[in-house]
Amino acid sequence: MQARDTDFLELLNGNKQFAVPIFQRRYSWEKKHCEKLWNDVLSLGKDSTDRSHFLGSIVYIDPKVSNASKVRELQVIDGQQRLTTLTLLLAALSRAVEGRNVDIDITHEELSDYYLNVRRNDELRYKQLLTQHDKDTLIQLLDENNTEWFQNVDLGEKRTLFQLVEDAKLPADAAPRLIENYRLFETKLKDADIKVVYVGIQRLRIVDVVLDRPDDNPQLIFESLNSTGLELSQADLIRNYVLMGQKPDFQARLYKTYWLPMEQRFGDQYVDRFDEFIRDYLTLKTRQIPKIRNVYDSFKAYVQEKTNSETLETIEDIIADISRYSKHYICIALGKEEDTKLRDCFRDINTLEVTVAFPFLLEVYEDYTREYIRKSELIEILHLVESYVFRRAICDIPTNTLNTTFASRLMPKVDKSNYLESLKRAFLSLADQSDRYRYPANSDFKREFTVKSIYNNIKRCQYLLRKLENHENKQPIRRIEDYTVEHVMPQNSDLSDEWKEELGESWQDVQEQYLHTIGNLTLTGYNPELSDRSFKEKKHLDPGGFLQSRLRLNDSLVQVKKWDEAAIQNRAAELAEKALKIWISPE
């Protein structure tokens, strides 16, 4: 490895191309990062002491392979974010110099030739190439042949870059961060002293780190750089780990066959959810739950164990398996299941925010795709999971045991030749280990269901009411967002005399005890109209009264003449019987 302190512009100058390999993450700098860089450049340019500013390191592999082009093809290992951002700034500066015809001691053509493009007609002409996702966009921004974008354009008064992008028909999968950050620099240069900007760029310094394969280990160096605080996700590290050390052809095949399709499946949620998926995958495979910040280390240990074991699994076997399970994950966690009934089951589980069940569900879904269980059995299993979590919430059983329950206590007890029945026995046996693991019995669930205050968690309250309304309903509601939760007995502590008379002498106790319980709650599309009106008015109001409601939840309200403690208890008992059929027991 060779490292030296050098000017950033010196790094770019010459017949060289910095290519970001396929395993690197996309360009991701945000506006705040570009703003800071811009302010640093301006401060340097205005400083009379000729001071410089250290940007960090640019680490790359120089294969030192001679070719007819005489262009050094360098593979960037670290520093692509700052390298790309400065390239955007230089591109904007080059066009500002051309558009304003201002002397800054370097011409538009020289800026382009020295730091952006080499005078060639192929891809080697660009000083920088990004990954597949961002490559075309950066080429469009750098291409001197794209004169229709910038020719005779007054950067201060005429078309914005987005209009220019539309005119030039930028690819539909264009990288928005590149465009937005270029536009930011374009806008700032409009009012800036561009000579000051160029002086500031000249004073930027970096550590130029060249790796010489095979003597240097780029993965170890990459990990070391990341450990100093650079913001890389666990997914970034894992992708680099499995791809970086491979031969180029094999690396490209692994990426295009497995990793790129995974990224595309996750779409915009890749950054936020892929780390969680890998943690769930490792939990499934090892029956141990790694901490989210340690997923990368756990993954390395898992790969090393598998590739050194008697099974002699290859890195391709492991990536192919991860890719397979990623298809299950997006169905379970991201709402991409095509089957309507299964998608509804997964939606209900996700509403309860029971992400700790995902490792278990990944294995069950895999068994379903391998036809170990039928669709009807999978649906019943999903209902059991949902019911287990919901019953425990109603019975106020702490949730801190759920992760180990789903990670390691259920599936080892399942006989896959008698899948559903053995899983039911596994659920029931949890109480033998500790009461805190138990699947609440019907009697416990029914008792707590009638008295628990459920309004404090509005999302779960809406879920509960939707499930009650839709049970065996041929015209179920699909969008709970179209309705609000209605308190039949109002929340207002200053009840009207009419409501006090309705509730009886102990009206204060009745309101305090039953206000947020299921017996006093329903759904309506007319919450403001109903407000604190009397029970009689709420029944007969036109429009919006319970008599006019099409919701089955309101049928029992129509039959009641007086809304008091007894009426609330009776309705709660009625709904509790229905709840037993919805949130099923494995017994």
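Residues numbered from 1 in each chain as written. Predicted model: local features only at pLDDT ≥ 70, side-chain atom pairs only at ≥ 80, totals over all residues. Heavy atoms only, no water.

Asks: Can you lay out the overall build of the protein chain for me, pointing to particular residues and giving the numbers?
Replies: Looking only at helices and strands, the protein chain features 28 helices and eight strands. Residue burial in the protein chain is summarised as follows: out of 587 residues, 52% are buried. For the protein chain, long-range pairs separated by at least 24 residues make up 72% of all intrachain contacts whose partners lie at least 6 apart in sequence. In the form shown here, the protein chain has an accessible surface area of approximately 28,300 Å², with 44% of it arising from carbon and sulfur atoms. (Helix = DSSP H or I, 4+ residues; strand = E, 2+ residues; numbered from the N terminus. Buried < 20%, exposed > 50% of the residue type's maximum accessible area, 1.4 Å probe, protein only. Contact = heavy atoms within 4.5 Å. Areas by Shrake-Rupley, 256 points an atom, 1.4 Å probe, with all protein chains shown as cover.)

Asks: Can you tell me about the pattern of salt bridges, naming the residues and giving the values?
Replies: It is possible for side chains of opposite charge to pair when their charged atoms get near one another. Tallied over the full model, the rule gives 40 salt bridges. Measuring nitrogen to oxygen at the nearest pair gives 2.7 Å for the salt bridge that ties Lys375 to Asp339. Placement of Lys375 in helix α18 (residues 375–394) and of Asp339 in the loop between α15 (315–333) and α16 (340–351) is noted, with a sequence separation of 36 residues between them. For Lys375, a relative accessible area of 30% corresponds to the partly exposed category. Salt bridges here are not isolated pairs; linked through shared partners, they connect Arg347, Asp348, Glu386, Arg466 and Lys467. (Salt bridge = Lys/Arg side-chain N within 4 Å of Asp/Glu carboxyl O.)

Asks: With reference to specific residues and values, describe empty space enclosed by the protein.
Replies: Across all of its chains, the model carries one cavity of 30 Å³ or more by this definition. Lining the largest cavity are Thr283, Leu284, Arg287, Pro359, Phe360, Glu363, Phe406, Ala407 and Met411. Breaking the lining of the largest cavity down by element, the ones donating at least two residues are α13 (270–286), α17 (358–369) and α19 (402–409). If one sorts the elements of the lining of the largest cavity by residue count, α17 sits on top with three residues. Here the residues of the lining of the largest cavity sort into six nonpolar, one polar and two charged. (1 Å grid on protein atoms, 1.4 Å probe; cavity = no way out; pocket = protein on both sides within 12 Å on 5 of 7 lines; lining within 4 Å. Points joined across faces, edges and corners; volume = space filled by probe spheres on them. Nonpolar A, V, L, I, M, F, W, Y, C, P; charged D, E, K, R; others polar.)

Asks: With reference to specific residues and values, describe helix α12 (residues 248–266).
Replies: Here α12 is 19 residues long and its end C-alpha atoms lie 25 Å apart, about the 27 Å a rise of 1.5 Å per residue gives. At Tyr255, α12 is deflected by roughly 40°, the largest bend along its length. Of all the positions in α12, only Gln251, Leu254, Tyr255, Tyr258, Trp259, Leu260, Pro261, Met262, Glu263, Arg265 and Phe266 are classed as buried. Against α11 (234–243), α13 and α15 lie the buried residues of α12. Phi turns positive, to about 60°, at Gly267, one or two residues after α12. (Expected span 1.5 Å × (residues − 1). Bend = angle between axes of the 7 residues up to and from the residue.)

Asks: With reference to specific residues and values, describe the nonpolar core.
Replies: Among the nonpolar cores identified, the biggest contains 102 residues, and Phe360, Phe406, Phe449, Leu464 and Trp583 are the most heavily contacted of them. Phe360 has contacts with Ile381, Val385, Phe406, Leu410, Met411 and Leu423, leaving out every residue within four places of it along the chain. One finds Leu9, Leu37, Val97 and Val197 within the second-largest nonpolar core, a separate group that totals 56 residues. (Core = buried A, V, L, I, M, F, W, Y, C linked by side-chain atoms within 4.5 Å.)

Asks: Can you tell me about the side chain of Arg203, naming the residues and giving the values?
Replies: Note that Arg203 resides in the loop between α9 (194–202) and β6 (204–211). Excluding anything up to four places from it in sequence, Arg203 contacts Leu44, Asp47, Asp50, Arg51, Ser52 and His53.

Asks: Describe helix α4 (residues 108–115), and please don't skip the residues or the numbers.
Replies: Restricting attention to buried positions, one finds in α4 the residues His108, Leu111, Ser112 and Tyr115. Buried residues in α4, looked at end-on, bunch into an arc of 105°, giving them a common side. (Arc of directions from axis to C-beta.)

Asks: Run through the sheet that holds strand β1 (residues 2–7), naming residues and quoting values.
Replies: A sheet is described by the order of its strands in space; here six strands give the open sequence β1-β6-β3-β4-β2-β5, paired in mixed fashion. The open sheet has two free edges, formed respectively by β1 and β5 (128–129), since each of these has just one partner strand. Inspection of the sheet shows strand β3 (residues 53–61) paired to strand β4 (residues 72–78) by three bridges, in the antiparallel sense. For Tyr60, the partnering residue across the bridge sits in β4 and is Val76. (Pairing = 2+ DSSP bridges.)

Asks: I'd like to hear about the confidence of the model for the protein chain, residue by residue, with values.
Replies: Confidence in the prediction of the protein chain, expressed as mean pLDDT, is 86, and 89% of residues score 70 or more. Ignoring residues within four places in sequence, the model shows residues 147–170, a span with pLDDT below 50, making 38 contacts including any to other chains. (pLDDT = per-residue confidence, 0-100.)

Asks: Give a description of the pairing of β3 that names residues and reports values.
Replies: Working note: regular strand, side chains alternate between the two faces of the sheet. With seven of its nine residues buried, β3 lies for the most part within the structure. Summarising the sheet, β3 and β6 pair through seven bridges and their orientation is parallel. Residue His53 lies in a different strand from β6, and its bridge partner there is Leu204.

Asks: How would you sum up a negative patch on the surface? Please name residues and give values.
Replies: A surface patch of negative charge is lined by Asp494, Asp497, Glu498 and Glu501. Mapped onto the elements, Glu501 comes out in helix α23 (residues 497–503). (Patch = residues over 30% accessible without salt bridge, like charges linked within 9 Å, V, L, I, M, F, W, Y side chains within 5 Å. Lys, Arg positive; Asp, Glu negative; His and termini not counted. Charge placed at Lys NZ, Arg CZ, Asp CG, Glu CD.)

Asks: Could you give an account of unusual backbone geometry, naming the residues involved and the relevant values?
Replies: Here the amide bond leading from Asp542 into Pro543 is cis, since omega sits at 0°, within 30 degrees of zero. With respect to the element layout, Pro543 can be found in the loop between α26 (535–540) and α27 (555–559). In this structure, Glu353 is a non-glycine residue whose phi angle is positive, near 55°. Mapped onto the elements, Glu353 comes out in the loop between α16 and α17. You will see that Glu371, though not glycine, has its phi angle at about 65°, which is positive. The exposure class of Glu371 is exposed, given its relative accessible area of 69%.

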